[in-house]
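Examining the three-dimensional arrangement
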Amino acid sequence: MAGPSPSDAESLPLETARRRIGSVAAPIDRTDRIPLSVAVGRVLATPATANDPIEGAEISVGDAVFEQGHQIRPGDVGLLRAAGVSELLVRQRPQVGILPTGDELAQRDAGESQQVETAGFTLAQYVDRWGGKVTYRDPVADDAPALRMAVQRDLTRELIVITGTEPGDALRDVVADLGEILTDTVAIDPGRQTGLAIVQNRPVVLLPESTGAARVGAVQLVRPLLKTFAHAPLPAHPETRATLTAHVDSQNGVRTFTPVAVSDGTATPLPGVDLATATRADGWVSVPAAEAGIDTGTTVTVENWDYLP
């Protein structure tokens, strides 16, 4: 279903963007039988039933220790082992192709005019811990035939995530030719240049070059998609309440995310959203699209995005 890129369209609000790209994501019905030792993070395809009774826990043989759809936590494996369970039937992890793009990128040993690729590499670590099965590709230059081949190669995956792209570049033209671009921009900051597309009934998330902006787009759009594919719950991030030590700016109509450092009940906004800043942050403060910033002294909710899964 090829179509032109709506480059002149307004940015999609975040919730609308989630609904539109999520409309092509359906739970995976493929399953794996795996040993209990590697079950943490996996989602049960059937109830896990006890083979042995557990005294004091009111669990008898044949009882469901955990129901279908439960995501196994580290503490759960001890209970399952006590119940005589040695293997589980789980849903297969969604397969995700991560494709960095850019002429200046190198996988390692960057030359004088190059830089080591970080956005896609960092994202791959998040996707793996969020429950995806990652294929992390070498960077692809901004050459239309090479980009086309790279995108088509990953159409066997449930989800394709491409970094280093912006509206009007060669990659967007390639994706528009192969499928349909739903939006070239999403109303989030950082990450306004995040795009969404559908190619052969597969969602494609187009993330900017900035590692910080790519992280925002991934947390807000990629993580929910993975949970939908895995038929897994989307847990809220752990939250801390703190008082802002400085004003947080926000553009009206744009959902803004600001990294902050938390100490002694206060949250201090960090300048910029580059890789180092995002790594130093203790969490992120979200400003709703309808609000024009948050004043100093306001008590805010700080989300810990590095909580996994």
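On a predicted model such as this, the values are computed, not experimentally measured, just so you know.

This brings us to the overall build of the protein chain. Across its full length, the protein chain carries seven helices and 18 strands. Computed over C-alpha atoms, the radius of gyration of the protein chain comes to 21 Å, within 12% of the 19 Å expected from 2.2 N^0.38 for 309 residues, which places it in the range of a compact globule. With the C-alpha coordinates of the protein chain rotated into their principal frame, the extents come out at 65 × 50 × 40 Å. Counting over 309 residues, the protein chain shows a buried share of 48%. Relative to all contacts within the protein chain whose residues are 6 or more apart in sequence, the contacts with residues 24 or more apart total 67%. Of the accessible surface of the protein chain, which amounts to about 14300 Å², a share of 47% is contributed by carbon and sulfur atoms.

Now for the pattern of salt bridges. Following the criterion strictly, the structure yields ten salt bridges and no others. For the salt bridge of arginine 33 with glutamate 87, the shortest nitrogen-to-oxygen distance reads 3.8 Å. With arginine 33 in strand β1 (residues 31-35) and glutamate 87 in strand β4 (residues 87-91), this residue pair connects regions lying 54 residues apart in the sequence. According to the relative accessible area criterion, arginine 33 is exposed, its value standing at 53%.

Once that is clear, we can look at the pairing of strand β5 (residues 95-100). A regular strand carries its side chains on alternate faces of the sheet. The buried count for β5 comes to five of six residues, which makes it a mostly enclosed element. Taken together, the five bridges between β5 and strand β9 (residues 159-163) define a ladder with parallel strand orientation. From the neighbouring strand, proline 100 faces β9, where its bridge partner is threonine 163.

In this structure, Val127, Trp130, Leu159, Val161, Leu196 and Val222 are the most contacted members of the largest nonpolar core, which totals 36 residues. Elements with a minimum of two residues in this core: α1 (14-22), β5, α3 (119-130), β9, β12 (195-199) and α6 (211-230). Considering each element in turn, this core owes the most residues, nine residues, to α6. Two domains each provide a minimum of three residues to this core, namely domain 1 (14-26 + 93-230) and domain 3 (239-303). With sequence-adjacent residues up to four places away left out, leucine 196 is seen in contact with Ala17, Ile21, Glu180, Ile181, Leu182, Thr183, Val186, Val204, Val205, Leu206 and Leu221. Core analysis: the second largest hydrophobic core is formed by 18 residues, Val174, Val175, Ala176 and Val199 among them.

Here α3 is twelve residues long and its end C-alpha atoms lie 16 Å apart, about the 16 Å a rise of 1.5 Å per residue gives. The secondary structure elements touched by the buried residues of α3 are β5, β8 (133-136), β9, α6 and α7 (275-280). A positive phi of about 110° marks glycine 131, the residue just after α3.

Quick look at the domain arrangement of the protein chain now. One frequent convention defines the size of an interface as the accessible area lost when the parts assemble. If you check the domain split of the protein chain, you get domain 1 (14-26 + 93-230), domain 2 (31-91) and domain 3 (239-303). Distance from the C-alpha centre of domain 1 to the C-alpha centre of domain 2: 35 Å.

Quick look at the sheet that holds β8 now. Taking strand neighbours across the sheet as the criterion, the six strands line up as β8-β5-β9-β13-β12-β10 in an open arrangement whose pairing is mixed. For this open sheet the edge positions go to β8 and β10 (180-183), each flanked by a neighbour on one side alone. Neighbour-to-neighbour, the strand axes of this sheet turn through a mean angle of 25°, independent of strand direction. The sheet contact formed by β5 and β8 spans four bridges and is parallel. Opposite valine 96, over in β8, you have valine 134 as the bridge partner.

Below, the discussion takes up the packing of helix α4 (residues 144-153) against helix α5 (residues 170-178). Where α4 contacts α5, the two axes come as close as 9 Å, and the packing angle between them is 55°. Taken together, the axes of α4 and α5 lie oblique to each other. Judged by the sense of rotation from one axis to the other, the crossing of α4 with α5 is right-handed. Here α4 contributes Ala144, Leu147, Arg148, Val151 and Gln152 to the contact with α5, which in turn contributes Ala170, Leu171, Val174, Asp177 and Leu178. Grouping the constituent residues of the contact of α4 with α5 by class yields seven nonpolar, one polar and two charged.

Right, let's get into unusual backbone geometry. In this structure, proline 190 follows aspartate 189 across a cis peptide bond, with omega equal to 0°. Position of proline 190 among the secondary structure elements: in the loop between β11 (188-189) and β12. The phi angle at glutamine 200 is positive, at roughly 50°, despite the residue not being glycine. In this structure glutamine 200 comes out as exposed when scored by relative accessible area, which is 52%. Positive phi, normally seen in glycine, also occurs at asparagine 201, with a value near 60°. With respect to the helices, strands and loops of the structure, asparagine 201 is situated in the loop between β12 and β13 (202-206). Note on asparagine 201: relative accessible area 59%, which makes it exposed.

All right, on to the packing of aromatic side chains then. Per the stated rule, a full pass over the model turns up four aromatic pairs. On the basis of an interplanar angle of 5° and a centroid distance of 4.5 Å, the ring pair of tryptophan 284 and tryptophan 305 is categorised as stacked. Note that tryptophan 284 is positioned in strand β17 (residues 283-287) and tryptophan 305 in the segment after β18 (299-303), a separation of 21 residues in sequence. Take tryptophan 305: its relative accessible area is 2%, and that puts it in the buried class.

Okay, the side chain of histidine 237 next. Relative to the assigned elements, histidine 237 resides in the loop between α6 and β14 (239-244). Non-local contacts of histidine 237, meaning those with residues more than four positions away in its chain, are made with Val219, Arg223, Glu303, Asn304 and Trp305.

The rules behind each value
- Residues numbered from 1 in each chain as written.
- Predicted model: local features only at pLDDT ≥ 70, side-chain atom pairs only at ≥ 80, totals over all residues.
- Heavy atoms only, no water.
- Helix = DSSP H or I, 4+ residues; strand = E, 2+ residues; numbered from the N terminus.
- Rg over C-alpha atoms; globule rule 2.2 N^0.38 Å.
- Buried < 20%, exposed > 50% of the residue type's maximum accessible area, 1.4 Å probe, protein only.
- Contact = heavy atoms within 4.5 Å.
- Areas by Shrake-Rupley, 256 points an atom, 1.4 Å probe, with all protein chains shown as cover.
- Salt bridge = Lys/Arg side-chain N within 4 Å of Asp/Glu carboxyl O.
- Pairing = 2+ DSSP bridges.
- Core = buried A, V, L, I, M, F, W, Y, C linked by side-chain atoms within 4.5 Å.
- Domains from an automatic or database assignment.
- Expected span 1.5 Å × (residues − 1).
- Axes fitted to C-alpha atoms, helices over the stretch in contact; angles between N-to-C directions.
- Parallel < 35°, antiparallel > 145°, perpendicular 65-115°, else oblique.
- Left-handed = near helix turned anticlockwise from the far one by under 90°.
- Nonpolar A, V, L, I, M, F, W, Y, C, P; charged D, E, K, R; others polar.
- Phe/Tyr/Trp six-rings, centres within 6.5 Å; stacked < 30°, edge-to-face > 60°.

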